[in-house]
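Structural overview
For reference, the chains in residue letters:
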Amino acid sequence: MKPQLLKVSKALAQSFSVRRDVVLYFYNRWHYHPELELLHIEQGSGTQFVGDSIQHFNSGDVLLIGSNLPHYWRCDEKYFQGNEDLYAQATVVHFLGDMWGSTFLSLPENQAIAELIQRAKHGIRFLDSARDTSRELIQSLLHQTSGNRLITLYQILDILAQSHDYELLSTTFQTPQLDEDDTDRINRIYTYSLTHFQQKISIEEVAAVANISPNSFCRYFKSRSRKTYSRFLLELRVGHACKLLRENNLSIAQICFESGFHTFSNFNKYFKSLTGKSPIQYQREYIA
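Notes on the structure follow. Computed from a predicted structure; not experimentally measured.

**Details of the overall build of the chain**
When helices and strands are counted, the chain shows 10 helices and 11 strands. Since a compact globule built from 288 residues should have a radius of gyration of about 19 Å, the 20 Å found for the chain is in line with a globular shape. Reported as C-alpha extents along the three principal axes, the dimensions of the chain are approximately 55 × 45 × 40 Å. A buried classification covers 47% of the 288 residues belonging to the chain. Put simply, 73% of the contacts in the chain that link residues at least 6 apart link residues at least 24 apart. Put simply, the chain shows about 14,200 Å² of open surface, and 49% of that area lies on carbon and sulfur atoms. Looking at charge distribution, the chain has the averaged site of its 30 positive side-chain charges lying 6 Å from that of its 30 negative ones.

Have a look at this one:
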């Protein structure tokens, strides 16, 4: 993809930025920035795009997004219904990998943190103990003075660097090139797809959204995303099915149709091809 370059602002007397977002929904543009992004999703759920990864996010998630890695969060549709009692909240930290100076990360004591920053080029979602230990520290950054904030950020990164409870998100990393037309077009494609994936989407429909011909659309999307549009849709639908299976409120048959699959055989086939498990196996492992 060719996402939008985002300029991250911070106070003149600060070496990194930290903020809390409390909004009706997360819905930013496909973007990137030179700063790493440490994110604690305090409340909210939806779909996240990190590099070539598509996953569902939930309250409590902690992620580290590397420098210049494109990313995009969009809350579930229920957040767009105007319910003022339903909102999204996150604490977001932006910092440069060399903010401590060029030699700091080369110290032997900081080897693990240096390796963490390298892994973050693919995006990292932290699990279990690493996630649970770091959440309160991330929130505490909002209320600390400058010296303590710097120490706490270092402490958080050291905790995350020592942990083995994580998953890498994007399989590849490529520094994007800025192109405003591509930015707008990709965001229109993403918005349309996330809104309509439960229905049948034809190439003609989504090509019209992108304002290019159907033949050009197929080449265009694959050249930007490194996957076909049909593969992209499958990942959206299977990701939504995984969310519904974890919630365990619907039957497998209902989940099949709620996720945009029109036959049960196709649902089982594509779910297993992407997850390695049948829907019922996935659900049993998750809720066991």
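Now, onward.
**With respect to helix H2 (residues 128-140)**
For an α-helix the count is 3.6 residues per turn, leaving residues at separations of three or four pointing the same way. The sharpest bend along H2 comes to roughly 30°, located at Ser134. Listed as buried for H2 are Ala130, Arg131, Ser134, Leu137 and Ile138. Tucked inside the fold, the buried residues of H2 contact strand S4 (36-43), strand S7 (62-65), strand S9 (88-95), strand S10 (124-126) and helix H3 (146-162).

What counts, and at which threshold
Residues numbered from 1 in each chain as written. Predicted model: local features only at pLDDT ≥ 70, side-chain atom pairs only at ≥ 80, totals over all residues. Heavy atoms only, no water. Helix = DSSP H or I, 4+ residues; strand = E, 2+ residues; numbered from the N terminus. Rg over C-alpha atoms; globule rule 2.2 N^0.38 Å. Buried < 20%, exposed > 50% of the residue type's maximum accessible area, 1.4 Å probe, protein only. Contact = heavy atoms within 4.5 Å. Areas by Shrake-Rupley, 256 points an atom, 1.4 Å probe, with all protein chains shown as cover. Lys, Arg positive; Asp, Glu negative; His and termini not counted. Charge placed at Lys NZ, Arg CZ, Asp CG, Glu CD. Bend = angle between axes of the 7 residues up to and from the residue.

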